[in-house]
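Now for the letters of each chain:
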2 protein chains.
Amino acid sequence: MTETGRQAWLRTVAADVARLDRSSSAERAADILRRSITEGALPPGAQLSEVELTEVLEVSRNTLREAFRLLTHEGLLVYKLHRGVFVPELGEQDVIDLYRLRRVLEVDVVRGLSGRDPELPARRLEPMHDDVEVAEAAARADRWPAVGTANMRFHQHLIGLADSARMDAMTGRLLAELRLLFHVIAAPRELHEPYIERNRGLLELLEARKYDQAADDLHQYLLDSERGILAAFRDKGLQTPSDT
Amino acid sequence: MTETGRQAWLRTVAADVARLDRSSSAERAADILRRSITEGALPPGAQLSEVELTEVLEVSRNTLREAFRLLTHEGLLVYKLHRGVFVPELGEQDVIDLYRLRRVLEVDVVRGLSGRDPELPARRLEPMHDDVEVAEAAARADRWPAVGTANMRFHQHLIGLADSARMDAMTGRLLAELRLLFHVIAAPRELHEPYIERNRGLLELLEARKYDQAADDLHQYLLDSERGILAAFRDKGLQTPSDT
DNA sequence: GCGTAGGGATTGTTGAACAATCCTGCAAGA
DNA sequence: TCTTGCAGGATTGTTCAACAATCCCTACGC
């Protein structure tokens, strides 16, 4: 085994070990809560009682509070001092804010692909390919929340092309917050359907290495998506509660 | 008092109240630790002992651990399971990552100023003006760490022009991490001095509403700054320990 | 109707305790 | 000399019970 080969092997083993024992009761509890929130079981505005959840999750109050902190920094919970933790209620201003950041980050990632030193290997696009097919299958089965999930993963993988740990983390937060918004919208089909095909189109542009065109396309794509969510919001007659 | 005036006043009062009782022992402890880290008292690689800090900060272990969590999600501490919390040691890869994000965010903010609906009021640039003068005064007094602090505030205020809460939060994190890097560099003067004048130049372009030129200038500015830090890094012969 | 005090519930914080894990040093063996 | 195995102590992970501080709601007085 070559020396560099041995170093690479050591790194992969270290990564495996880190993945195995990353358990920790707090993170497990956070996983359960995260799913409950993103799947809509805990709607925006809901309060999470400490004593209640300690019984359900079978962890101590301190551990539960650590789980709360984790989710707070993902944007999925907000703390109100001496009043408790709540699922945040996002408003129009948050939609605008989130989409501004999405546009900045995602478009920059795509545009940055053109000047890469080692050209982007086709294999890097495979996860996005899978996401597109999952979305199409879910759409045929009328499972629109699953379409939304696949769409999220598509964009997360898109950001992943930049090989930036911090961009990945930021995007994880942004998309998690976006999910909170989806649950106040009544018509998931109208919301998600148009983007199944647009994701495929975007992917094809990337495969053809037409990065600038893909970036322009994605920019308009995100503008349209933002407009759709804002329109759905105004239809529901929801005012922005983001200053409470 | 006009109605909108009254609303604005209510908001400022609410902000003051929120700042006052944002106490919470955990956050107070986190504040102290944050300062110790960003000012270099706790150098990268240092371990923070729980029992030791409970005595110094006069908080319980549980509260201290909450403070650790807070700082962990700001990137100022890292947890190693069953081994403790450490001040992270950043490497060249982190420099590249951080600067990529800075360029994307800051340049976009400046470029976005051109199409604003209500044109940017001159008063919004005042905080940056103050930062520039503070930096110049500190430089005359040979207080280079203070120059670095003022420079950070300048860029934080620059991002603030976008009125995006999430951009503000992200930038806070990015700049805090950047500070970790500064402490491994021996020559703070060479590091910070060139950018005092460039900040002033940038500000003048903004005051003249030459936003596109300012954006181009800022882009090059950040490229130069990144190159300077990377050069200082390689001089020290530091290899990137970011995979440990 | 409106401001105000009390009571109950919830959160904030503490200290102690125990289990699990890591680090250190030392001895045994090749 | 170098590696291996094993105790011992130290540190972290987690839980529990208790008390203090704060908030929300209701009833009271004006």
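Residues numbered from 1 in each chain as written. Chains lettered and ligands numbered in written order. Predicted model: local features only at pLDDT ≥ 70, side-chain atom pairs only at ≥ 80, totals over all residues.

Trainee: Honestly, the overall build of chain A in this entry has me stumped. Any pointers?
Mentor: Along chain A, the regular secondary structure elements total 10 helices and three strands. Seen in sequence order, chain A has helices and strands lined up from the N terminus as α-α-β-α-α-β-β-α-α-α-α-α-α. In chain A, buried positions account for 31% of the 244 residues. Sequence separation of 24 or more characterises 74% of the internal contacts of chain A that already satisfy a separation of 6 or more. (Helix = DSSP H or I, 4+ residues; strand = E, 2+ residues; numbered from the N terminus. Buried ≥ 20, exposed ≤ 12 C-beta atoms within 10 Å, placed from the backbone. Contact = placed C-beta atoms within 7 Å.)

Trainee: Sorry, what's going on with the interface of chain A and chain B here?
Mentor: Interface extent is often summarised as the accessible area lost during association of the parts. On the side of chain B, 19 residues touch chain A, which itself brings 19 residues to the contact. Per element, the largest residue contribution to the side of chain A that touches chain B is six residues, and it comes from helix α5 (residues 92-112) of chain A. Partitioned by chemical class, the residues of the side of chain A that touches chain B number seven nonpolar, four polar and eight charged. (Nonpolar A, V, L, I, M, F, W, Y, C, P; charged D, E, K, R; others polar.)

Trainee: Got a minute to help me understand helix α6 (residues 126-140) of chain A in this structure?
Mentor: Since one α-helical turn is 3.6 residues long, residues separated by three or four positions face the same way. Residue and element names in this part refer to chain A. Look at α6: 21 Å from first C-alpha to last across 15 residues, which is about the 21 Å you get at 1.5 Å a residue. Buried residues of α6: M128, D131, V132, A135 and A138, and no others. One face of α6 carries all of its buried residues, which in axial projection span an arc of 130 degrees. Opposite the buried face of α6, at more than 90 degrees from it, the exposed residues are E126, E133 and R140. Close packing links the buried residues of α6 with α7 (144-160) and α9 (188-207). (Expected span 1.5 Å × (residues − 1). Arc of directions from axis to C-beta.)

Trainee: Could you clarify how one ought to interpret the sheet that holds strand β1 (residues 47-48) of chain B in this entry?
Mentor: Strand pairing in a sheet relies on backbone hydrogen bonds, with the paired strands running either antiparallel or parallel. Residues and elements named next belong to chain B. Ordered by their spatial adjacency, three strands build an open sheet running β1-β3-β2, and the pairing between neighbours is antiparallel. Each edge of the open sheet carries a strand with a single partner, namely β1 and β2 (78-80). In terms of strand pairing, β1 meets strand β3 (residues 84-86) through two bridges, oriented antiparallel. Paired with L48 across the strands is V85, a residue of β3. (Pairing = 2+ DSSP bridges.)

Trainee: Any chance you could explain the packing of helix α9 (residues 188-207) of chain B against helix α10 (residues 211-235) of chain B here in plain terms?
Mentor: How two helices pack is summed up by the angle between their axes together with the distance between the axes. All names here are of chain B. Contact geometry for α9 and α10: axes closest at 10 Å, N-to-C directions at 170 degrees. The angle between the axes of α9 and α10 places the two elements in the roughly antiparallel class. Across the interface between the two elements, L191, Y195, R198, L202, L205 and L206 from α9 touch Q213, A214, D217, L218, Y221, S225, G228 and A232 from α10. Of the residues contributing to the contact of α9 with α10, the split by class is nine nonpolar, three polar and two charged. (Axes fitted to C-alpha atoms, helices over the stretch in contact; angles between N-to-C directions. Parallel < 35°, antiparallel > 145°, perpendicular 65-115°, else oblique.)

Trainee: Hey, could you run me through the protein's contact with DNA strand D in this one?
Mentor: Near DNA strand D, the surroundings consist of 18 residues, among which S60(A), N62(A), T63(A), E50(B) and G84(B) are the closest. Contributions of two or more residues to the surface near DNA strand D are made by α2 (25-38) and α4 (61-72) of chain A together with α3 (50-57) of chain B. When grouped by side-chain class, the residues that make up the surface near DNA strand D number five nonpolar, 10 polar and three charged. (Near = placed C-beta within 6 Å.)

Trainee: Mind showing me how you'd approach the nonpolar core here?
Mentor: Generally speaking, a soluble globular protein has its nonpolar side chains buried in company with each other. L105(A), V109(A), L218(A), L105(B), V109(B) and L218(B) are the most contacted members of the largest nonpolar core, which has 66 residues in total. If near-sequence neighbours (up to four positions away) are discounted, L105(B) is found in contact with V104(A), I159(B), M167(B), M170(B) and T171(B). (Core = buried A, V, L, I, M, F, W, Y, C linked by C-beta atoms within 7 Å.)

Trainee: For this particular structure, what's the right way to read unusual backbone geometry?
Mentor: Both trends apply: most residues other than glycine have a negative phi, and most peptide bonds are in trans. All names here are of chain A. With phi around 60 degrees, E58 is a residue other than glycine that occupies positive phi space. By secondary structure assignment, the location of E58 is in the loop between α3 (50-57) and α4. Judged by C-beta crowding, with 11 C-beta atoms within 10 Å, E58 ranks as exposed. With a phi close to 65 degrees, H82 is a non-glycine residue in the positive phi region. Summarising the element assignment, H82 is placed in the loop between β2 (78-80) and β3 (84-86).

Trainee: Just checking my understanding: could you explain the relation of the copies chain A and chain B for this structure?
Mentor: The operation relating the pair of chain copies consists of a rotation about an axis and a translation along that axis. Mapping chain A onto chain B calls for a screw motion: a turn of 180 degrees about the axis and a shift of 0.1 Å along it, with 0.2 Å RMSD after fitting. Given the turn and translation reported, the copies of this chain are related as if by a two-fold rotation axis. A shared interface surface links the copies, since 95% of the contact residues of chain A are contact residues in chain B too. (Least-squares fit on C-alpha atoms with pLDDT ≥ 70 in both.)

Trainee: Is there a simple way to explain the protein's contact with DNA strand C in this structure?
Mentor: Taken together, 19 residues lie near DNA strand C, and G84(A), S25(B), S60(B), N62(B) and T63(B) sit nearest. Of all the elements in the fold, those that place two or more residues in the surface near DNA strand C are α3 and α4 of chain A together with α2 (25-38) and α4 (61-72) of chain B.

Trainee: Looking at this structure, how should I read the sheet that holds strand β1 (residues 47-48) of chain A?
Mentor: Taken in spatial order, the three strands of this open sheet run β1-β3-β2 (chain A), and their pairing is antiparallel. Looking at strand neighbours, the two that pair on one side only are β1 and β2 of chain A, the edges of this open sheet.

Trainee: What am I meant to see in the environment of E119(A) here?
Mentor: Relative to the helices and strands, E119(A) resides in the loop between α5 and α6. Along the primary structure E119(A) and R209(A) are separated by 90 residues, whereas in three dimensions their C-alpha atoms are 9.5 Å apart.

Trainee: Can you help me understand the environment of I229(B) in this one?
Mentor: Residue and element names in this part refer to chain B. Position of I229 among the secondary structure elements: in helix α10. Residue classification places I229 among the buried residues on the basis of 21 C-beta atoms within 10 Å. Measuring from C-alpha to C-alpha, the distance between I229 and H157 comes to 22 Å, with 72 residues separating the pair along the chain.

Trainee: How do you make sense of α4(A) when you look at a structure like this?
Mentor: Taking 1.5 Å as the rise per residue, α4(A) with 12 residues should run 16 Å; its terminal C-alpha atoms sit 16 Å apart, in good agreement. For α4(A), the set of buried residues is T63(A), L64(A), R65(A), E66(A), A67(A), F68(A), R69(A), L70(A) and L71(A). Buried-residue contacts for α4(A) involve α2, α3 and β3 of chain A together with α4 of chain B.

Trainee: For this particular structure, what's the right way to read the environment of R179(B)?
Mentor: Note on placement: R179(B) falls in helix α8 (residues 165-182). Remark: the alpha-carbon pair of R179(B) and T63(B), spanning 116 residues in sequence, is separated by 26 Å.

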